[in-house]
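Here are the chains, one letter per residue:
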Amino acid sequence: QVHLVESGGGLVQAGDSLRLSCAFSGGQFNAYAMGWFRQAPGKEREFLAAINWSGAITYYQDSVEDRFTISRNNAKNTVSLQMNSLKPEETAVYYCAASIRATGRSDRQYDYWGQGTQVTVSS
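Residues numbered from 1 in each chain as written. Predicted model: local features only at pLDDT ≥ 70, side-chain atom pairs only at ≥ 80, totals over all residues. Heavy atoms only, no water.

Caption draft 1: Spotlight on unusual backbone geometry. The backbone of Asn77 sits at a positive phi, close to 55 degrees, despite the residue not being glycine. As for its placement among the helices and strands, Asn77 is situated in the loop between strand S7 (68-73) and strand S8 (78-83). On the accessibility criterion, Asn77 (24% relative accessible area) is partly exposed. Despite not being glycine, Ser85 shows a phi value in the positive range, around 50 degrees. Structurally, the position occupied by Ser85 is in the loop between S8 and strand S9 (92-99). Judged by relative accessible area, which is 37%, Ser85 ranks as partly exposed. (Helix = DSSP H or I, 4+ residues; strand = E, 2+ residues; numbered from the N terminus. Buried < 20%, exposed > 50% of the residue type's maximum accessible area, 1.4 Å probe, protein only.)

Caption draft 2: Inspection of the pairing of strand S11 (residues 117-122) at higher detail. Of the two faces of S11, only the one carrying Thr117, Val119 and Val121 is buried; Gln118, Thr120 and Ser122 on the other face are not. Looking at chain direction, strand S2 (residues 10-13) and S11 are connected through 4 bridges and run parallel. Counterpart to Val12 in the pairing with S11 is Val121. Where S9 and S11 come together, 3 bridges link them in antiparallel fashion. Directly across from Tyr94, in S11, lies its bridge partner Thr117. (Pairing = 2+ DSSP bridges.)

Caption draft 3: Highlighting the pairing of S8. Where strand S3 (residues 18-25) meets S8, 6 bridges bridge the pair, whose relative direction is antiparallel. Along S8, the bridge assignment pairs Arg19 with Gln82. Strand direction decides the pairing type here: S7 and S8, joined by 6 bridges, are antiparallel. Following the sheet pairing, Thr69 is matched in S8 by Gln82. Counting the residues between successive antiparallel strands, the hairpin from S7 to S8 contains 4 residues, one of them, Asn77, with a positive phi of roughly 55 degrees.

Caption draft 4: Region of the structure containing the pattern of salt bridges. Under the counting rule described, the total for this entry stands at 5 salt bridges. Because the salt bridges share partners, they merge into one network encompassing Arg38, Glu46, Arg67 and Glu90. (Salt bridge = Lys/Arg side-chain N within 4 Å of Asp/Glu carboxyl O.)

Caption draft 5: Quick look at the side chain of Asn52. Counting through the fold element by element, Asn52 comes out in the loop between strand S5 (46-51) and strand S6 (58-60). Owing to a relative accessible area of 8%, Asn52 belongs among the buried residues under this scheme. The contacts of Asn52, once residues within four sequence positions are left out, are Ala33, Ile57, Arg72 and Thr103. (Contact = heavy atoms within 4.5 Å.)

Given below as structure tokens:
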């Protein structure tokens, strides 16, 4: 019964920043690694960032590592993605996901997914 709900998406201009949040419920939050993915129209779901149960270990896609930061707050059962210097080509639905297994970059490792939040970056 793990349930994930993303929030914080919206319309921004190129170069702007946005912070996405994901609320976790229905399980022991710190038993899960968490990840962020995005999917643009006509494209496959793309890994962005992941964080282990404690927040001590993170992974990023190369194209966003310099601009995005993943974090988690185990007291609030939330995971966030701070996105800076957004580009129009990063317009997509952004998803958070939870994995009871290892922290990783593959969507196959994740057991639960949120409904997604739309991020639109105008040029």
